[in-house]
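Per-entry structural report
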Amino acid sequence: MNLPFIDTKYLAQDEDTEDLRVVRSEDNFLYDEKGKKYIDFNMGWCVGNFGWGRENIREKMNSSPHPDYVFPHYKYQRWEKLAELLARISPTEELHKSYRTTGGTEAVEAAMQISMMYTGRSKFISLEGCYHGNSIATLSLNKEDNKDKYENLLTGCSQLATPLDEKAADKLETQLKKKDVAAFIMEPISCNLGVLVPQSEFMERAQQLCNKYGTLLVMDEVACGFGRTGKIFATEHYDIQPDILCVAKAISGGAAGLGATITTEKISHTVNKKSFTFYSTYGWHPASVEAAIANIRFIIKNKNSLLDHIEYISQYFYGRLRKVKFNKSAIIRIKGLAIGIDVESKKYANKLVERCREGGLLFTSEEETLLFFPALTITENIAKRGLDILEKNL
Ligand SMILES: Cc1ncc(COP(=O)(O)O)c(C=O)c1O
């Protein structure tokens, strides 16, 4: 029996909410209220990296005798355990001090506060068109796009135009030279910019410039972390040593909300001495912590086979997508299983998302770019079935 839903009256949702009422998720699939099954190439937009409904996570959350809640100013062994696991998988040895957050926005917000306190500066540089969260501070990082909506964004935030090449590095230097920038914040591979892959030379120069001018380098791995781009962290594609790493989304595989801001001993020690606090009532809730511990243990245990599988399936996607006959030739950007495809127009992209959803395949689009973030554990057979739906609905 279909219940009469009244959410349009009481639930505030975005204008562009899709016509899909989810009731169940399992592995690579979502099910709607009528029992229709969809292949999920979206996976909550980089959340369910290892498939939905994972037994190892659910079991851990249900079976561990954790307290209902721990007050942020008490100690808790499982917080220490999770922080240790994050230190174990973080891209550099130095990045091993985790601050507890509820998700990605808070993780970037904490990174901004830490950078301001550590450097004594208040300016930020980020990428044009970026997204780092929905608080006023994180929205300020994309000031150009948001300034018409909000009057009171942070002053002192500027954006660097892409592509990220030598020229962009020169422009970055011009801005950093004034020695008043607290942090340069970016996604090392930008899922929010249609899977933008910076040149290695850019990343290495950005690192040198940040060191030279006393600016912290912050890598936002909220979307691209936890295997998405074919490395555990996208930072590992480059020879860089960020000062801060922000993580969330796939950290718990979608079973619970949680994020972290990971920094170095030196930075943490310095800001803590200056009375930095990041009080988050639900940051690292005990149930979420169990989910994240189980998830990270799974990643550590299966690291090599996971990364091999991602590479194999990534090549499969690329091979198939190159042959797909979109109405005009498309530009494909793919790194691991972060896939951005520029098609003819926003209208064409929107239509394709809608038609494929009706055909049983889920993905999103942003402007004229289709975005596929399938589970990293997807089999070739399911990938094939999804891509067959795409081709059928062109
Ligand atoms: C790169 C990046 N940073 C931060 C955020 C904000 O994360 P959350 O929605 O968990 O607050 C997002 C969300 O999509 C993101 O993609």
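The rules behind these values
- Residues numbered from 1 in each chain as written.
- Predicted model: local features only at pLDDT ≥ 70, side-chain atom pairs only at ≥ 80, totals over all residues.
- Heavy atoms only, no water.
- Helix = DSSP H or I, 4+ residues; strand = E, 2+ residues; numbered from the N terminus.
- Rg over C-alpha atoms; globule rule 2.2 N^0.38 Å.
- Buried < 20%, exposed > 50% of the residue type's maximum accessible area, 1.4 Å probe, protein only.
- Contact = heavy atoms within 4.5 Å.
- Near = heavy atom within 4 Å.
- Polar contact = N/O pair within 3.5 Å; in protein donor to acceptor, adjacent residues only side chain to side chain.
- Areas by Shrake-Rupley, 256 points an atom, 1.4 Å probe, with all protein chains shown as cover.
- Pairing = 2+ DSSP bridges.
- Domains from an automatic or database assignment.
- Buried area = accessible area lost by both parts, 1.4 Å probe.
- Salt bridge = Lys/Arg side-chain N within 4 Å of Asp/Glu carboxyl O.

Each helix and strand counted, the chain has 13 helices and 15 strands in total. In summary, the chain has a C-alpha radius of gyration of 21 Å against a globular reference of 21 Å for 394 residues, a match within 12%. Once the C-alpha set of the chain is aligned to its principal axes, its extents read approximately 60 × 55 × 50 Å. Evaluated residue by residue, the chain yields a buried proportion of 53% over its 394 residues. Summarising the internal contacts of the chain: among those between residues at least 6 apart in sequence, 74% fall at separations of at least 24.

As a matter of local geometry, the ligand sits amid 13 residues, with Gly104, Thr105, Asn192, Asp220 and Lys249 nearest to it. Side-chain polar atom of Asn192 to an oxygen atom of the ligand: 2.9 Å apart, as the coordinates give it. About the coverage of the ligand: the protein hides 82% of its 390 Å² of free accessible area.

What follows is about the pairing of strand E12 (residues 338-342). Counting buried residues along E12, five of its five residues qualify, which places the element largely inside the surrounding structure. Covered by surrounding structure in E12 are Ala338, Gly340 and Asp342 together with Ile339 and Ile341, the residues of both alternating faces. With five bridges joining them, strand E11 (residues 331-335) and E12 adopt antiparallel strand pairing. In the sheet register, Ile332 faces E12, and the bridge partner there is Ile341. In textbook terms, the turn of a hairpin is the stretch between consecutive antiparallel strands, and for E11 and E12 this stretch comprises two residues, one of which, Gly336, has a positive phi near 60°.

One can read the domain layout of the chain as domain 1 (7-55 + 303-392) and domain 2 (60-298). Here domain 1 and domain 2 have C-alpha centroids that lie 26 Å from each other. Contacts between the two partners involve 24 residues from domain 1, matched on the other side by 22 residues from domain 2. Buried area between domain 1 and domain 2, summed over both chains or domains, comes out near 2000 Å², and the portion from carbon and sulfur atoms is 62%. Counting the surface domain 1 buries against domain 2, the share from its top three residues, Trp45, Val47 and Lys335, is 27%. For the interface between domain 1 and domain 2, the tally reads zero salt bridges. In this assembly, domain 1 and domain 2 are joined by 10 residue pairs in polar contact (both at pLDDT 80 or more). If you list the elements that add at least two residues to the side of domain 1 that touches domain 2, you get helix H2 (43-46), helix H11 (286-323), E11, E12 and strand E15 (369-372). Here the side of domain 1 that touches domain 2 gets four residues from one element, more than from any other, and that element is H11.

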